[in-house]
Amino acid sequence: MKKLFSKWSIFFIVLGLISLGANWLIDGYSELLVLIGAIFLFIGVIFSYIAISKKEKGNMKFISLTSFFIILFIVSLFEPFHIIRIMTWLKNIY
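Throughout what follows, the structure given in this document is the object of discussion. (Residues numbered from 1 in each chain as written. Predicted model: local features only at pLDDT ≥ 70, side-chain atom pairs only at ≥ 80, totals over all residues. Heavy atoms only, no water.)

### Looking at the layout of surface pockets
Estimated volume of the largest pocket: approximately 310 Å³. Residue lining of the largest pocket: 14 residues in total, with Leu20, Trp24, Val75, Glu79 and His82 positioned closest to the centre. Every element with two or more residues in the lining of the largest pocket is listed here: helix H1 (4-25) and helix H3 (60-78). Ranked by residue count, the leading element in the lining of the largest pocket is H1, at five residues. Among the residues making up the lining of the largest pocket, the classes are represented as nine nonpolar, four polar and one charged. What the second largest pocket holds in volume is close to 210 Å³. Among the secondary structure elements, those contributing two or more residues to the lining of the second largest pocket are helix H2 (31-53), H3 and helix H4 (82-93). Taken together, the residues of the lining of the second largest pocket break down into eleven nonpolar, one polar and no charged. (1 Å grid on protein atoms, 1.4 Å probe; cavity = no way out; pocket = protein on both sides within 12 Å on 5 of 7 lines; lining within 4 Å. Points joined across faces, edges and corners; volume = space filled by probe spheres on them. Helix = DSSP H or I, 4+ residues; strand = E, 2+ residues; numbered from the N terminus. Nonpolar A, V, L, I, M, F, W, Y, C, P; charged D, E, K, R; others polar.)

This is how it looks when you write it as structure tokens:
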């Protein structure tokens, strides 16, 4: 059985981490980068759950799932207002 969803979950987790890291490296704050990073992280988790439900072989699906929670813990530890900023930004759009 191919590990298609596991590979995609790792890919999207890495994209989300790069996006959140790019926001941390730039001067100021970019809501768009944080939103894109959060969306990539959630897509990665969705692919990880699909891989678990399809019973793909290997531990890659669990690595991406645990890294999602570790990344969110680190973001909320060092930048606790990212989530509030995203929610406020989304509320003002709609």
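Back to the write-up after that little detour.
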